Amino acid sequence: MKLRLFTLAAATLLMTACSITNSPQKLADGTETTNRIIKVSLSNWKFSPNDIQVKKGEKVTLELKDVEGTHGIAIPGLGVSTGKMEPGQTLDIEIPTDTIGKYKFFCNVPCGEGHADMKGAITVTE
Ligand SMILES: [Cu+2]
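Conventions we followed
- Residues numbered from 1 in each chain as written.
- Predicted model: local features only at pLDDT ≥ 70, side-chain atom pairs only at ≥ 80, totals over all residues.
- Helix = DSSP H or I, 4+ residues; strand = E, 2+ residues; numbered from the N terminus.
- Buried ≥ 20, exposed ≤ 12 C-beta atoms within 10 Å, placed from the backbone.
- Contact = placed C-beta atoms within 7 Å.
- Core = buried A, V, L, I, M, F, W, Y, C linked by C-beta atoms within 7 Å.
- Pairing = 2+ DSSP bridges.
- Axes fitted to C-alpha atoms, helices over the stretch in contact; angles between N-to-C directions.

(A) Spatial organisation of the overall build of the chain. If you tally the helices and strands in the chain, you get 1 helix and 11 strands. Starting at the N terminus and walking to the C terminus, you meet the elements of the chain as α-β-β-β-β-β-β-β-β-β-β-β. Within the chain, the proportion of its 126 residues that are buried is 16%. Sequence separation of 24 or more characterises 62% of the internal contacts of the chain that already satisfy a separation of 6 or more.

Next up, the structure:
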């Protein structure tokens, strides 16, 4: 009986572990992904977070949400450039992670006095 309980506990634990790594998550637009989702908010005048670390080969989707002001994001080194985003708008972007490096990003929509402060970086590590 003790052994059976243990087996059951082990199986439950295993199932839990699998669901953490494999179960699809819903993106803001309702589509599902097994990618790691990193939520990034855009506001006056910052990206949060603005220092993002990912692993080489990791499947990553940035879930951008504009919470204040009109902004956009450009990550030239990763070939990403959004259009204008308005408050309340979300945008999901899968980013390439196949090359190690530090990729700077910045706001690509003139948005006022703090526009030049809207910057950050995504670092892809081994
Ligand atoms: Cu801006």
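(B) Main features of the nonpolar core. Counting residues in hydrophobic clusters, the biggest one holds 16 residues, and the most contacted among them are Leu 64, Ile 73, Ile 75, Phe 105 and Ile 122. Residue assignment for this core shows that the elements contributing at least two residues are β6 (60–66), β10 (101–106) and β11 (119–125). In terms of residue count, the dominant contributor to this core is β6 (3 residues).

(C) Layout of the sheet that holds strand β4 (residues 46–48). Ordered in space as β4-β3-β6-β9, the 4 strands form an open sheet in which the pairing is mixed. Two strands in the sheet have a free side with no partner beyond their single neighbour: β4 and β9 (90–95). Strand-to-strand twist in this sheet, taken as the mean axis angle between neighbours without regard to direction, amounts to 25°. Alignment of β6 against β9, held across 6 bridges, turns out to be antiparallel. For Thr 61, the partnering residue across the bridge sits in β9 and is Glu 94.

(D) Region of interest: the environment of Leu 27. Within the element layout of this structure, Leu 27 appears in the loop between β1 (25–26) and β2 (32–33). Here Leu 27 falls in the partly exposed class, since 17 other C-beta atoms lie within 10 Å of it. Separated by 10 residues in sequence, Leu 27 and Ile 37 place their C-alpha atoms 8.1 Å apart. Setting aside anything within four residues of it in sequence, one finds Leu 27 in contact with Thr 33, Ile 37, Thr 61, Glu 63 and Asp 92.

(E) Layout of unusual backbone geometry. Between Asn 44 and Trp 45 the backbone carries a cis peptide bond, its omega angle lying at -5°. Position of Trp 45 relative to the elements: it lies in the loop between β3 (36–43) and β4. Here the residue pair Ser 48 and Pro 49 is connected by a cis peptide bond, since its omega of 0° sits within 30 degrees of zero. Inspection of the secondary structure assignment puts Pro 49 in the loop between β4 and β5 (51–55).

(F) Highlighting the environment of Lys 46. Looking at the element boundaries, Lys 46 is found in strand β4. As a C-alpha pair, Lys 46 and Met 118 span 72 residues in sequence and 4.8 Å in three-dimensional space. Setting aside its immediate chain neighbours within four residues, Lys 46 contacts Asp 117 and Met 118.

Honestly, that's just the spatial picture; any functional story needs more than this.
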